[in-house]
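What the coordinates show
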Amino acid sequence: MSILLVTGGCGFIGSNFIRHLLATDPATSIINFDALTYAGNLANLVDIAKHPRYRFVKGDITDRDNVRAAMALGVTDIIHFAAESHVDRSIQDSGPFVRTNVNGTQNLLDAAREFSVKKYVQVSTDEVYGSLGATGLFTEETPLHANSPYSASKAGADLLVQAYHHTFGLPTVITRCSNNYGPFQFPEKLIPLFVTNLMRDEPVPVYGDGQQIRDWIHVHDHCTGVEAAWRNGTAGEVYNFGGKCEKTNLDLTHLIIDLLGKPRTLIRYVADRLGHDRRYAIDCSKAERELGWQPKVSFETGLNETIAWYKANSAWIDGIRNKEYMTYFEKQYGNLK
Ligand code: NAD
Ligand code: DAU
C-alpha cells in the first residue's frame, strides 16, 4: 500500500492526476497537500472529496512544520506538482515563484529524506530548456537555459532535486512536460482563457505576432506519464513528456474560434510577452522506450472534448470569475483559523 503526498492537488494537473489514480489504483491512498492559492480550487475535486482513500490537507510547502505534519500521516512517496505556474505572473513579480518553486521544493526534499520516502517525483516543465529555433527537439540532455522567472525557478528546483539524489541518494525522478490542456485548467492559460472569453463573445489577446510554437499534450497523457515515472522511473533520471503536436498560437487561436463558431474579428493583437520563448517541442522517446508510455489522446479529440467540458461547466467558470471559489474551503471545512 502506498500513501502518496500529492502537492498542488487542487490545481489543474494535480486534480486530474488524483482523479485518475483513485479511479485506477485501489492500492494507493492520496493526501492532497495544497495551500489553496488563487490557482487552487476545491471544486476541481468535489466529486471525490469523500473518497475513502483521499484526504485533503490545507498546507503550504514553504512552511516546514506544515510539511512535516503532513508527512507524519504515513506518507511513503511524494509527487510534487505544487508551484506558481503562470509565466506572465512571474514577469509581474518573481517573489512567490522563488519562494514556492525553489524554497518549497527544498522543504519537500528535506522532508523526503527525513521520512525516507520510496520515490520523490518532481513535476517539472520543458520550459527549463529555454527556447528552440525552427528545428530540433528538447531531449533530456538539452542543457538548462531557462528564460523566464518562472522557468528559472523551476530549473533551480530541478537542480536541487538532482543534488539531493547525488549527495544523499534520495530516490528522485524529474518529469519535464510540454503545454497541457484539458478540463479544470485555470482560465489564465491560453486555451481556457480563449475558450471562456469566446463563449461570452469577448476578444482574445494574441501576444506579438502569434507565431510562437507550443507542443500540446492532453492532461490525461501527462498524468499517465507522471504515474509511469513514479512506478517505473529509475532514480536520478529525467523523463520528457510531450504530445508530438506543434502549433503556432495563431493557428491554435483560429482553430478554437472555428470550433466555437465565432468570428475571427474577436482576435486582438497585443504587446508581446517580455522575453517570450519562441518554440518548444519535445523528444519523448526516452519515456516511450524506458517507461512504455505514449501520448494517446489526439489533439482533435482532446480539444473538442475540452471545449465541450468548458461549455458544460459554466458554473465552474462563474465560480472563478466571481471569486466565489476562494470561499469553498470555509464552506466545506469551516473556518479553522
Ligand atoms: P496550477 O497553477 O493549476 O496549480 C498549482 C497548484 O499548486 C494550486 O492548487 C495551488 O494552490 C498549489 N500551490 C501553489 N503554491 C503552493 C504552496 N506554496 N504550497 C502548497 N500548494 C501550493 O498548476 P498546473 O498547471 O496544474 O501545474 C502543476 C505542475 O506542473 C507545476 O509544477 C508546473 O510547473 C508543472 N507543469 C505544468 C504544465 C502546464 O502546461 N500547465 C506543463 C508542464 C509542467
Ligand atoms: O511548456 C510547459 C508550460 O506551459 C508550463 O510549464 C507552464 O506552467 C504553463 O503555463 C505553460 O506555459 P506557456 O507560457 O507556454 O503557457 P500559456 O498558456 O501562458 O501561453 C501559451 C502561449 O500562448 C505562449 O506562447 C503565450 C501565448 N499567449 C498566452 C496567453 C495567456 C497569448 O498569446 N495570449 C494569452 O493571453
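Structural notes, computed from the coordinates.

What counts, and at which threshold
- Residues numbered from 1 in each chain as written.
- Chains lettered and ligands numbered in written order.
- Predicted model: local features only at pLDDT ≥ 70, side-chain atom pairs only at ≥ 80, totals over all residues.
- Heavy atoms only, no water.
- Near = heavy atom within 4 Å.
- Polar contact = N/O pair within 3.5 Å; in protein donor to acceptor, adjacent residues only side chain to side chain.
- Areas by Shrake-Rupley, 256 points an atom, 1.4 Å probe, with all protein chains shown as cover.
- Helix = DSSP H or I, 4+ residues; strand = E, 2+ residues; numbered from the N terminus.
- Nonpolar A, V, L, I, M, F, W, Y, C, P; charged D, E, K, R; others polar.
- 1 Å grid on protein atoms, 1.4 Å probe; cavity = no way out; pocket = protein on both sides within 12 Å on 5 of 7 lines; lining within 4 Å.
- Points joined across faces, edges and corners; volume = space filled by probe spheres on them.
- Buried < 20%, exposed > 50% of the residue type's maximum accessible area, 1.4 Å probe, protein only.
- Pairing = 2+ DSSP bridges.
- Right-handed = clockwise from strand over helix to strand, strands pointing away.
- Phe/Tyr/Trp six-rings, centres within 6.5 Å; stacked < 30°, edge-to-face > 60°.
- Lys NZ or Arg CZ within 6 Å of the ring centre and 35° of its normal.
- Salt bridge = Lys/Arg side-chain N within 4 Å of Asp/Glu carboxyl O.

The next thing to look at is the site of ligand 1. Among the 28 residues in the neighbourhood of ligand 1, the closest are listed as Ile13, Asp34, Ser85, Tyr150 and Lys154. At 2.9 Å, a backbone N or O of glycine 11 approaches an oxygen atom of ligand 1. Isoleucine 61 is positioned with one of its backbone polar atoms (N or O) 3.0 Å from a nitrogen atom of ligand 1. A total of 840 Å² of accessible area belongs to ligand 1 in isolation, and the protein chains cover 96% of it. Elements with a minimum of two residues in the shell around ligand 1: α1 (12–24), β5 (119–125), α5 (149–168) and β7 (179–181). Of the residues forming the shell around ligand 1, the biggest block, 3 residues, is contributed by β5. Residue composition of the shell around ligand 1, grouped by class: 13 nonpolar, 12 polar and 3 charged.

Another aspect to go through is empty space enclosed by the protein. Under the definition given, this model contains 2 cavities of 30 Å³ or more. Reported here for the largest cavity is a volume of approximately 40 Å³. Surrounding the largest cavity, Val87, Glu127, Ser148, Arg273, Leu274, Gly275, His276, Asp277 and Tyr280 form its lining. Across the lining of the largest cavity, the residue classes tally to 3 nonpolar, 3 polar and 3 charged. If you add up the space inside the second largest cavity, you get close to 30 Å³. What lines the second largest cavity is simply Leu42, Leu45, Val46, Ala49, Tyr54, Phe56, Gln332 and Tyr333. Elements that contribute at least two residues to the lining of the second largest cavity include exactly β3 (54–58) and α12 (328–333). Grouping the amino acids of the lining of the second largest cavity by side-chain chemistry returns 7 nonpolar, 1 polar and no charged.

Here we take up the pairing of β5. For β5, the tally of buried residues reaches 7 of 7 residues, placing the bulk of the element in the interior. Where burial is concerned, the two faces of β5 agree: the one with Lys119, Val121, Val123 and Thr125 and the one with Tyr120, Gln122 and Ser124 are both buried. Pairing analysis gives 4 bridges linking strand β4 (residues 77–80) to β5, with the strands arranged parallel. By the bridge assignment, aspartate 77 is partnered in β5 with lysine 119. In the sheet, β5 pairs with strand β6 (residues 172–177) via 6 bridges, with the strands oriented parallel. Bridging across to β6, tyrosine 120 finds its partner in threonine 172. Regarding topology, α5 serves as the crossover connection from β5 to the parallel β6, and that connection is right-handed.

A word on the packing of aromatic side chains. On inspection of all chains with the given rule, the structure shows 17 aromatic pairs. Through a chain of ring-to-ring contacts, the aromatic side chains of Phe184, Trp309, Tyr310 and Trp316 assemble into a single cluster. Lying across the ring of phenylalanine 168, arginine 113 places its NZ or CZ 3.6 Å from the centre.

Within strand β10 (residues 237–241), 4 of the 5 residues are buried, which leaves it mostly tucked inside the rest of the structure. Pairing between β6 and β10: 5 bridges, direction parallel. Its bridge partner being in β10, arginine 176 is matched across the sheet by asparagine 240.

Residues other than glycine seldom take positive phi values, yet aspartate 201 does so here, at roughly 60 degrees. If you trace the backbone, aspartate 201 turns up in the loop between α6 (190–199) and β8 (204–207). A relative accessible area of 48% means that aspartate 201 is categorised as partly exposed. For lysine 244, which is not glycine, the phi torsion reads 50 degrees and is therefore positive. Along the chain, lysine 244 turns up in the loop between β10 and β11 (246–248).

What follows covers the pattern of salt bridges. Side chains that carry opposite charge are capable of pairing whenever their charged atoms lie near each other. One pass over the structure, following the stated rule, counts 18 salt bridges. The partner of arginine 264 in a salt bridge is aspartate 258, with the nearest N and O atoms 2.8 Å apart. Arginine 264 sits in the partly exposed class, given a relative accessible area of 44%. Each of the salt bridges in this network shares a partner with another, and the network as a whole consists of Asp25, Glu227 and Arg231.

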